Amino acid sequence: MAFRFLAKGYGSSLLPARSPRPALSSMSLLSKVSKSSYSQVVENFSERLQLDFLPRVKNVPEKGQKYTMYQKSAIPKLFEERGALHLNPKAYMAAASVFPFRVSKYVVDELIEWCNVPDDPMFRLTFPQPGMLKTEDLDRMMSILSTQNVSRAGVQDIAERMRAGMNPHPANQKKENVPRMNGKRVDGIQHKYKETVLFFPSEGQWCHAYCTYCFRWAQFTSVGSEQQFKSGSPQLLHDYIAAHPWVKDILFTGGDPMVMKSEVFDRYVTPLLESDETRHLQTIRIGTKSLAYWPYRYTTDTDAKDMLKLFEKIVKSGKHLSIQAHFTHPRELSTRVVEEAIRNIQMTGAVIRCQSPLIRSINDDASVWATMWNKQTKLGMIPYYQFVERDTGACEYFGVPLAKAFRIYSDAIAQVPGTARTVRGPSMSAEPGKVTILGIEEIKGEKVFILKFLQARNPKWLERVFFAKYDPKAKWINELDAAFGDEEWFYKQEYRDSLVNLDKGSSGQVFSGELDFGHCNSNLS
């Protein structure tokens, strides 16, 4: 009697049975999969068949793994221990003095290929690169760090001066997106689009690791200053949603809301689930990079079970729960633990949508995107957005010309099946809204970009396409000009006119078509 066991990655072998055993039916195995993790299934299967040689699944330890993070001071030791002796740690420490740096042990041990640094995409994604700074700024910061007895405040002061010219809050988000109630700014909330509100919980204003391209880098470099955008009031969030019945989605963002403990997140969420005043709210979104940088958050963390229960609670309340997962490179999807984390989230009823910007030297290749979108779809996730690198921070270092971005998107989309063609892009999150490139064509003898809003401050702007003169070097919409002799695009005047209403509210309020300021303001003190 013999039994053939097949395991992906381990080949197959014909093994003699040591003793008669009852057959393990497919329904029995499916039952086990639905009730336990992948690692437990393999362990139970191995025990029943006495296959003691079967290796444990990589990256899913029995007792979990403790979150450990490294900061700037750890860079020299990390380079030494990982054999990156050809890199100058002082140059990287200088870059990390200007841009935020935090990296998890998981990323360092499992995702970065140290034999390929500095060209490794995951290394470039998480370690601030010297080239992100202007040459003169890099030299100055290295000189300061080499000075004996230099104060931390002195380094911070020089760094702040360098950051000031990097457009820390792109698309005028701190000015134009902040709503008002009773004539006062509602800090910690952004309401740019009619149906969607962004909320920045105070406890979620950091990440398990920082992306070097992050467009919210100012949230982490000037902690406690006016640069930060946050709120710690669940009551404020509830009352704002209650006062705006046209709001359908709330996006918890940061930072990363998933650095919060479940009991903290629950304080923000539960009032939105239980109140009759927020029945109009349909979807709760969570913007997070945790699946990529710390998937143990949903597997073996001490708080993992409680967070998953909270997800299930949201779904059972009748609200849709959408995890807006940031995956920048296919390698972030390559470990067993991230697959287990994805399954655990999906078992709560939540849907995972994937998004990322297109970043030079990290994922500016169509095959990278096609691989990533195919893997996401295979794992049951939805490819959602491909963004253009925003005009902030080290955008000159990471930015990709719009023409190249469109070619990459088009070539990648051609390599995936229809089920993966849910992704929209390349999209620019600019002042007036999210603008995508529909095509590059020659019309009436003029080569043009065909542009369209995917989201806009005024929803009616979505009804039209508009045209820009083709510029092979342009990386952002403000570097483009209207085509066909037009002085400006159709929405420009209305957008300028809307700015005079900022004392009344954000565009999500002003362009709602339903705003009664007297009525809405009465709900908040």
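Shown above is the structure to which this text applies.
Before going into details, it helps to say that this report is about the structure given with it. (Residues numbered from 1 in each chain as written. Predicted model: local features only at pLDDT ≥ 70, side-chain atom pairs only at ≥ 80, totals over all residues. Heavy atoms only, no water.)

**So, the overall build of the chain**
What counts is decided by this rule: A run of H or I in DSSP becomes a helix once it reaches four residues, and a run of E becomes a strand once it reaches two; helices and strands are each numbered from the N terminus. Should any heavy atoms of two residues lie within 4.5 Å, those residues are counted as being in contact. We get accessible surface area from the Shrake-Rupley algorithm with a probe of 1.4 Å; when it comes to residues, only the shown protein chains can shield them.
Along its length, the chain carries 21 helices and 17 strands. If you take every contact in the chain between residues at least 6 apart in sequence, the share linking residues at least 24 apart comes to 72%. Carbon and sulfur atoms make up 50% of the accessible area of the chain, which totals about 23900 Å².

**Brief notes about helix 4 (residues 89–98)**
How we decide: Each residue is placed in one exposure class: buried if its accessible area under a 1.4 Å probe, protein chains only, is under 20% of its type's maximum, exposed if it is over 50%, and partly exposed if it falls in between. Polar contact is the term for a pair of N or O atoms within 3.5 Å; when the atoms are in protein, one must be able to donate a hydrogen and the other to accept it, and sequence-neighboring residues count only if both atoms are side-chain atoms.
Summarising burial for helix 4: 7 of the 10 residues are buried, a large majority. Of all the residues in helix 4, the buried ones are A91, Y92, A94, A95, A96, S97 and V98. If you check the start of helix 4, you find a side-chain oxygen 3.0 Å away from the backbone N of K90, and it comes from N88.

**Describing the nonpolar core**
Applicable threshold: Nonpolar cores are built from buried Ala, Val, Leu, Ile, Met, Phe, Trp, Tyr and Cys residues. Side-chain atoms within 4.5 Å join them into one set.
Counting residues in each nonpolar core, the largest one holds 110 residues, and the members touching the most others are F127, I250, F252, F311 and F327. Each residue touching F127, except ones within four places of it in the same chain, is listed here: I75, L78, F79, F101, V103, I112, W114 and T212. Membership of the second largest hydrophobic core comes to 24 residues, among which are V388, A403, I437 and W461.

**Considering the packing of helix 4 against helix 7 (residues 135–146)**
Selection rule: Working convention: axes come from line fits to C-alpha atoms, limited for helices to the stretch in contact. Angles between N-to-C directions cover 0 to 180 degrees. These descriptions rest on fixed angle ranges, namely under 35 degrees for roughly parallel, over 145 for roughly antiparallel, 65 to 115 for roughly perpendicular, and the rest for oblique. Under this grouping Gly is polar, as are all residues other than the nonpolar Ala, Val, Leu, Ile, Met, Phe, Trp, Tyr, Cys and Pro and the charged Asp, Glu, Lys and Arg.
The geometry of helix 4 relative to helix 7 is characterised by a closest axis approach of 9 Å and an angle of 100° between their N-to-C directions. When the axes of helix 4 and helix 7 are compared, the pair comes out roughly perpendicular. From helix 4, K90, A91, M93, A94, S97 and V98 reach across to helix 7, where they touch L138, M141, M142, L145 and S146. Among the residues forming the contact of helix 4 with helix 7, the class breakdown is 8 nonpolar, 2 polar and 1 charged.

**Remarks on unusual backbone geometry**
Cis rather than trans, the peptide bond between V117 and P118 has omega equal to 10°. Take P118: it is sitting in the loop between helix 5 (105–111) and helix 6 (121–126). The linkage connecting G254 with the following residue, G255, adopts the cis geometry, with an omega of 20°. Along the chain, G255 turns up in the loop between strand 9 (249–252) and helix 12 (262–274). The phi dihedral of S361 falls on the positive side, at around 75°, and the residue is not glycine. At F484, a residue that is not glycine, the phi angle is positive and equals roughly 60°. Judged by its relative accessible area of 33%, F484 falls in the partly exposed class.

**Quick word on the sheet that holds strand 14 (residues 424–429)**
Going by this rule: A pair of strands is treated as paired once DSSP finds two or more bridges between them.
The strand order across the open sheet built from 11 strands is 7-8-9-10-11-12-13-14-15-16-17, with neighbouring strands paired in mixed fashion. Here the strands that pair on one side only, and so sit at the sheet edges, are strand 7 (189–193) and strand 17 (465–469). Sheet twist, expressed as the average angle between the axes of neighbouring strands with direction ignored, equals 30°. Pairing analysis gives 5 bridges linking strand 16 (residues 446–456) to strand 17, with the strands arranged antiparallel. Note that in strand 17 the partner of K452 across the bridge is V465. Contacting strand 12 (351–358) and strand 13 (382–388), helix 16 (residues 366–378) runs over the sheet at an angle of about 150° to strand 13.

**Some remarks on the pairing of strand 12**
Quick note on the threshold: Looking down the strands as they point away from the viewer, one classifies a crossover as right-handed if the path from the first strand across the helix to the second runs clockwise.
Summarising burial for strand 12: 6 of the 8 residues are buried, a large majority. Inspection of the sheet shows strand 11 (residues 320–326) paired to strand 12 by 5 bridges, in the parallel sense. Looking at the pairing, Q324 lines up with R353 of strand 12. Between the parallel pair strand 11 and strand 12, the chain is carried across by helix 15 (residues 336–346), and the sense of this crossover is right-handed. Where strand 12 and strand 13 come together, 6 bridges link them in parallel fashion. Each bridged residue has a counterpart across the sheet, and for Q355 the counterpart in strand 13 is Y385. Regarding the hand of the β-α-β motif, the stretch spanning strand 12, helix 16 and strand 13 is right-handed.

**Let's talk about the side chain of S498**
Examined against the element boundaries, S498 turns out to sit in helix 19 (residues 492–498). Classification of S498 by relative accessible area gives buried; the value is 11%. A distance of 2.5 Å separates a polar side-chain atom of S498 from the backbone oxygen of Y495.

**A word on the side chain of T283**
Along the chain, T283 turns up in strand 10 (residues 283–288). Beyond its immediate sequence surroundings of up to four residues, T283 is in contact with K248, D249, I250, H320 and S322.

**Some remarks on the environment of T270**
Within the fold, T270 resides in helix 12. In this structure T270 comes out as buried when scored by relative accessible area, which is 12%. Taking the C-alpha atoms as reference, T270 lies 8.1 Å from I314; in sequence the two are 44 residues apart. Here K313 takes part through its side chain, which lies 2.8 Å from a polar atom of the side chain of T270.

**Concerning the packing of helix 16 against helix 18 (residues 402–413)**
Spelled out, the test is: Working rule for handedness: look at the near helix, and if it is turned counterclockwise from the far one by less than a right angle, call the crossing left-handed; if clockwise, right-handed.
Taken N-terminus to C-terminus, the directions of helix 16 and helix 18 make an angle of 45°; their axes are 8 Å apart at the nearest point. In this view, helix 16 runs oblique relative to helix 18, as classed from their interaxial angle. You can see that helix 16 and helix 18 cross each other, and the crossing is right-handed. For the pair helix 16 and helix 18, the contacting residues are A366, W369, A370 and W373 in the first and I408, Y409, D411, A412 and I413 in the second. Counted by class, the contact of helix 16 with helix 18 contains 8 nonpolar, no polar and 1 charged residues.

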